[in-house]
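# A closer look at the structure
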Amino acid sequence: GGCHRLTLCARRWPRQLLHGRYCRAMGVGTLWKRLASDGLMAIATVLTVALTLLLLAVGPIYADAVALGAARATVGAAPVEETTVNVSIRVASDAYSLVDELVDETVTDRTIGVASSIRRSTASGSFRLPERRRAEPAEIMVFRSIEGLGDHVDVVAGRWPREQVGSESLEVALDERIADTLAVGAGDRITVSPTGAGGADVDVEVTALYRIVEPTDRYWVGIDDLVTAGSTSDAFRTYPAVAAAEVVAGLSTRLDASWLAEYELATASLDELVGVRRSVAAFERRLTTRFVRAVDDPTVASEFEVESGLPSILSGTERSLSVTRSSVFGVVFQLGLLAGYALLLTGAIAMETRARESALIRARGARPRDQSLLAGGEAVMIAVPLAVAAPYLAAWSLELADDVGPLASISLGIDPRPNALSFALAAAGAVLAIAVLVVPVVRGARRSERSVGSTSREAATTAGQRAGVDVALLVLTAIAFWQLATLGDQRATQIRGRFGVDPLLILAPALGLL
């Protein structure tokens, strides 16, 4: 039955192959019919190529997914103080708008590609409270404006302060704990005087008493004096009073301004995390450069101070990515080597299976070029669609493993996505598969053409020539394993002082296997 199918198949092709007309006659339907004539062999070839490309594509996807999942878990478990960016500066009141615009542009840099939020806060100079008996140390008041504060407190008495620049009295809101300490309530008035020389007294009206809803919320990072209802030093006890931003700006010639920036890192990609790290690490330099270019008198503000633990946290993520990629690629190259060997065997078996058909085609006048085009068309039809689908199949298989496989037991929550490297490796694997399936056919056709009417004997080679490649592989393997053993994990993941994947080290096991 098999010989009959091969004979019928061979009888269909010769008319198209004769006289070089194959190139015009070959079509997708024709190639499908040829593949269908060898069903089991075609299935074996497709499965071998698919597994080879899947193994090559799954490596970079898995490495990036695990590193990204670990990075997100690390950032999520870190204290809020470490994952936010706190920018502070002492600036002249009339220059605050300019500085605020510069900070906003730096935080929301479009090149990062990660959404961000900013909480603005300003504080006036200090004012001396009326003296009270047994008040030690001396008591002073600082007027604060914090963006979004009204959404995180409950007003327990009175109403929230209004924006009233130029009014006879200054409306403020006090924490109910501060009000109890100072023995004031909603509607009461107190007079405060500036601690510096040359200032006028300020009539303060307490219009509201508030209570913090959730003191542990991330909103309160960087404004501890509001959470603790004041702060104490050796000389003073300072109480914060909340007022409108415009009112605070008009109380002093200089403001203590701060911005708390937070990035949405829970959905960021690895490239975006790297962009955030580099941006935050250069915050202070970029802000200073922009400020110097924007103002004529740099003395209107002090130097910027930037505090954040993101650069160190995300640097550890990059190191983890390098180590993960080295480990995964080492295994993937070994599996890819075995898959390539299986592909070679499949190509050899396919050639042997179609030996009778090839002989009949040649007997009908087909040239080696015609047979090469036929084999190439079949190989392209198999390899190209699988190369396109391999990264997506790899991502889907990793998602399945995350739900029901070993990864589910550690609850890492990976988000595998096809990346550029997975497509590149799949494309390289497809080229290799096409070559493995076509080259034996081409060589066999040319050998058969040369052997017609003549016999030849393979040239003799010495033992040294036959063993040359084996010896070279053994030397490379020995060097790679020696380097891996002597340098250690930390040095093994660095190249010229920068973290990366050492190709010799990840190829060492594959070389040994080969």
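Now for a look at the structure at hand. Position numbers for residues count from 1 along each chain, tracking the sequence in the order it is written. In keeping with the model being predicted, local features are shown solely for residues with a pLDDT of at least 70 and side-chain atom pairs are shown and tallied solely at 80 or more, while totals for entire chains, interfaces and linings include all residues. Just so you know, side-chain values use all the structure's heavy atoms and leave hydrogens and water out.

## Quick word on the pattern of salt bridges
Each reported salt bridge corresponds to a side-chain nitrogen of Lys or Arg within 4 Å of a carboxyl oxygen of Asp or Glu. Here the structure, examined in full by the defined rule, presents 13 salt bridges. In this structure, Asp 109 engages Arg 286 in a salt bridge whose closest nitrogen and oxygen atoms are separated by 2.8 Å. On the criterion of sequence distance, the pair formed by Asp 109 in the loop between α7 (96–107) and β2 (116–128) and Arg 286 in helix α12 (residues 283–294) is long-range, its members being 177 residues apart. Linking Arg 211 and Glu 176 is a salt bridge whose minimum nitrogen-to-oxygen distance equals 2.6 Å. In this pair, Arg 211 is assigned in strand β7 (residues 202–212) and Glu 176 in helix α8 (residues 176–182), connecting sequence segments 35 residues apart. Partly exposed residues are those whose accessible area sits between 20% and 50% of the maximum for their type, while under 20% is buried and over 50% is exposed, using a 1.4 Å probe and protein chains only. Assessed through its relative accessible area of 42%, Arg 211 is described here as partly exposed. The secondary structure listing takes helices from DSSP runs of H or I that are at least 4 residues long and strands from runs of E that are at least 2 residues long, numbered from the N terminus.

## Examining the pairing of strand β5 (residues 170–175)
Across the six residues that make up β5, a large majority, six, are buried. Pairing between strands is defined by DSSP: at least two bridges between the two strands are required. Bridging between β5 and β7 involves six bridges; their strand directions are parallel. In the sheet register, Ala 173 faces β7, and the bridge partner there is Ala 208.

## Focus: the side chain of Ser 169
Positionally, Ser 169 belongs in the loop between β4 (153–158) and β5. Here a polar contact is taken to be a pair of N or O atoms separated by no more than 3.5 Å, where protein atoms must pair a possible hydrogen donor with a possible acceptor and residues adjacent in sequence count only if both atoms sit in side chains. Side chain to side chain, Ser 169 and Arg 189 meet in a polar contact 3.4 Å long. Contacts: residue pairs with any heavy atoms within 4.5 Å of one another. For Ser 169, the residues in contact, after removing those within four places along its chain, are Gln 164, Arg 189, Asp 203 and Glu 205.

## Here we look at a negative patch on the surface
Patch criteria: residues need more than 30% relative accessible area and no salt bridge. Like-charged residues are merged within 9 Å; nonpolar side chains of Val, Leu, Ile, Met, Phe, Trp and Tyr are merged within 5 Å. For the accessible areas, the method is Shrake-Rupley and the probe is 1.4 Å, while residue cover comes only from the protein chains on display. For the purpose of charge, His is not counted, nor are the chain termini; Lys and Arg are scored as positive and Asp and Glu as negative. Note that the charge is assigned to NZ on lysines, CZ on arginines, CG on aspartates and CD on glutamates. Residues Glu 284, Glu 303, Glu 305 and Glu 307 make up a contiguous surface patch of negative charge. Mapped onto the elements, Glu 307 comes out in strand β11 (residues 305–307).

## Re the nonpolar core
Phe 143, Trp 259, Tyr 263 and Val 276 are the most contacted members of the largest nonpolar core, which has 64 residues in total. Apart from residues lying up to four places away in sequence, Tyr 263 is in contact with Val 85, Thr 106, Val 107, Ile 112, Val 114, Ala 115, Ser 116, Val 276, Val 280, Phe 283 and Leu 310. Formed by 20 residues, the second largest nonpolar core is a distinct cluster that contains Val 49, Ala 387, Ala 394 and Ala 433. Buried Ala, Val, Leu, Ile, Met, Phe, Trp, Tyr and Cys residues that are joined via side-chain atoms within 4.5 Å together make up what is termed a nonpolar core.

## Quick notes on the environment of Val 114
Mapped onto the secondary structure, Val 114 falls in the loop between α7 and β2. Distance in space between the C-alpha atoms of Val 114 and Glu 272 is 6.6 Å, their sequence separation being 158 residues. Once you skip the residues sitting within four places of it in the chain, Val 114 turns out to touch Tyr 263, Glu 264, Leu 265, Ala 268, Glu 272 and Val 276.

## Some thoughts on α7
Spacing of three or four residues puts side chains on the same side of an α-helix, whose turn is 3.6 residues. With twelve residues, α7 should cover 16 Å at 1.5 Å per step; its first-to-last C-alpha distance of 16 Å lies within 8% of that length. Buried within α7 we find Tyr 96, Val 99, Asp 100, Leu 102, Val 103, Thr 106 and Val 107. Along the long axis of α7, the arc covered by the buried residues comes to 160°, so they all point the same way. Contacts made by the buried residues of α7 are with β1 (84–92), β2, β10 (254–263), α11 (270–281) and α12. By this rule, a helix spans an expected 1.5 Å times one less than how many residues it contains. In this context, the arc is that of the directions from the helix axis out to the C-beta atoms.

## Quick look at α11
Taking 1.5 Å per residue as the helical rise, α11 with its twelve residues ought to reach 16 Å, and the 17 Å between its terminal C-alpha atoms agrees with that figure. Three or more residues of α11 are buried, namely Leu 270, Leu 273, Val 276, Arg 277, Ser 279 and Val 280.

## A look at the packing of α7 against α12
Running from N to C, α7 and α12 cross one another at 140°; their axes reach a closest spacing of 10 Å. In this view, α7 runs oblique relative to α12, as classed from their interaxial angle. The two elements α7 and α12 cross, and the hand of that crossing is right-handed. Contact residues: α7 offers Leu 98, Val 99, Leu 102, Val 103, Glu 105, Thr 106 and Val 107, while α12 offers Phe 283, Arg 286, Leu 287, Arg 290, Phe 291 and Ala 294. Here the contact of α7 with α12 is built from residues that sort into nine nonpolar, one polar and three charged. Comment: axis = line fitted to C-alpha atoms, over the contacting stretch for helices; angle = value between 0 and 180 degrees taken between N-to-C directions. For classification purposes, angles smaller than 35 degrees are called roughly parallel, those larger than 145 roughly antiparallel, those between 65 and 115 roughly perpendicular, and all remaining angles oblique. Helix crossings get a hand from a simple test, with the near helix turned counterclockwise from the far one by less than a right angle marking a left-handed crossing and a clockwise turn marking a right-handed one. Here the nonpolar group is Ala, Val, Leu, Ile, Met, Phe, Trp, Tyr, Cys and Pro; Asp, Glu, Lys and Arg are the charged ones; every other residue, Gly included, is treated as polar.

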